[in-house]
Amino acid sequence: MQQKDILEEIADKLEKKYTGFVEIYRLTKELDDLLKNNDKDSVNMVMKMRGEEMDKIDTLDEDINKACELLDAKYRKYINKHNDFNSFPEDLERIISIKKRNNRILEKTMEIDKKISVRLAGRKSFYNV
């Protein structure tokens with residue numbers, strides 16, 4: 001498999017991750033509403049659905065990591081660890097664009113999740129550590 005094909009495969013997996021992140025965001029917003037309304041049965045269902053989406057993303061991450069093993073080290077750095085989106089190899093433009101989008105939706109999700117956690121756990125919240 002050529003490097004260009006591997007980069008396309010990785011970009012496609014990152015797109016699928018974005019779709020999963022959007023679903024997690026939607027479920028997190030729904031969870032917040034359900035908690036406000038004290039709907040415990042629905043909370044459990046939404047938590048399960050959210051966990052399933054997270055599991056799908058974990059699988060995509062494993063697939064991305066396997067594909068990255070076939071790339072040069074400089075590409076792996078940008079795809080896996082690098083979050084400086086100001087300078088990167090030109091052939092990674094699509095991947096970097098998707099990573100930026102993924103990071104934005106994750107930040108929005110974490111904002112809601114933090115509010116939920118602090119409301120439920122107070123000082124013992126994961127985010128107060």
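Conventions we followed
- Residues numbered from 1 in each chain as written.
- Predicted model: local features only at pLDDT ≥ 70, side-chain atom pairs only at ≥ 80, totals over all residues.
- Heavy atoms only, no water.
- Helix = DSSP H or I, 4+ residues; strand = E, 2+ residues; numbered from the N terminus.
- Buried < 20%, exposed > 50% of the residue type's maximum accessible area, 1.4 Å probe, protein only.
- Contact = heavy atoms within 4.5 Å.
- Areas by Shrake-Rupley, 256 points an atom, 1.4 Å probe, with all protein chains shown as cover.
- Polar contact = N/O pair within 3.5 Å; in protein donor to acceptor, adjacent residues only side chain to side chain.
- Salt bridge = Lys/Arg side-chain N within 4 Å of Asp/Glu carboxyl O.
- Axes fitted to C-alpha atoms, helices over the stretch in contact; angles between N-to-C directions.
- Parallel < 35°, antiparallel > 145°, perpendicular 65-115°, else oblique.
- Left-handed = near helix turned anticlockwise from the far one by under 90°.
- Nonpolar A, V, L, I, M, F, W, Y, C, P; charged D, E, K, R; others polar.
- Phe/Tyr/Trp six-rings, centres within 6.5 Å; stacked < 30°, edge-to-face > 60°.
- Lys NZ or Arg CZ within 6 Å of the ring centre and 35° of its normal.
- Core = buried A, V, L, I, M, F, W, Y, C linked by side-chain atoms within 4.5 Å.

(A) Representation of the overall build of the protein chain within the structure. A count of helical and extended segments in the protein chain gives 4 helices and 0 strands. Listing the helices and strands of the protein chain from first to last along the sequence gives α-α-α-α. Principal-axis analysis of the C-alpha atoms places the extent of the protein chain at approximately 55 × 25 × 20 Å. Every one of the 129 residues in the protein chain was classed for burial, and the buried ones make up 35%. Considering only residue pairs separated by 6 or more positions, the protein chain has 59% of its internal contacts joining residues 24 or more positions apart. Carbon and sulfur atoms make up 48% of the accessible area of the protein chain, which totals about 8700 Å².

(B) Region of the structure containing the side chain of N102. Structurally, N102 is set in helix α4 (residues 93-121). Accessibility expressed as a relative area gives 3% for N102, which makes it buried. Looking at N102, its side chain comes within polar contact range of the main-chain oxygen of L14, at 3.5 Å. Residues within four places of N102 in sequence aside, it is in contact with L14, K17, Y18 and F21.

(C) Main features of the pattern of salt bridges. The tally for this structure, following the rule as stated, stands at 12 salt bridges. One connected set of salt bridges, linked through shared partners, spans E8, D12 and R94.

(D) Spatial organisation of the packing of helix α1 (residues 3-36) against α4. It is the contact of α1 with α4, at a shortest axis distance of 9 Å, that shows an interaxial angle of 20 degrees. If you check the angle between α1 and α4, you find them roughly parallel. Along this stretch, α1 crosses α4, giving a crossing that reads as left-handed. Considering only residue class, the contact of α1 with α4 consists of 18 nonpolar, 3 polar and 13 charged.

(E) Region of interest: the packing of aromatic side chains. Summed over all chains, the structure comprises 0 aromatic pairs. Seen from the ring of Y18, R101 lies directly overhead, with NZ or CZ sitting 4.2 Å from the centre. For the cation-ring pair, K108 lies above Y25, with the distance from its terminal atom to the ring centre recorded as 5.0 Å.

(F) Fine view of unusual backbone geometry. Backbone geometry places N38, a non-glycine residue, at a positive phi of 60 degrees. With respect to the element layout, N38 can be found in the loop between α1 and α2 (40-68). Given a relative accessible area of 55%, N38 falls into the exposed group.

(G) Region of interest: the nonpolar core. Within the largest apolar cluster, 17 residues are counted, with the highest numbers of intra-cluster contacts made by I10, L71, I79, L92 and I95. Elements that contribute at least two residues to this core include exactly α1, α2, α3 (73-81) and α4. Setting aside its immediate chain neighbours within four residues, L71 contacts Q3, I6, L7, I10, R76 and I79. Judged by nonpolar contacts, the second largest core, of 12 residues, contains F21, I24, L34 and I116.

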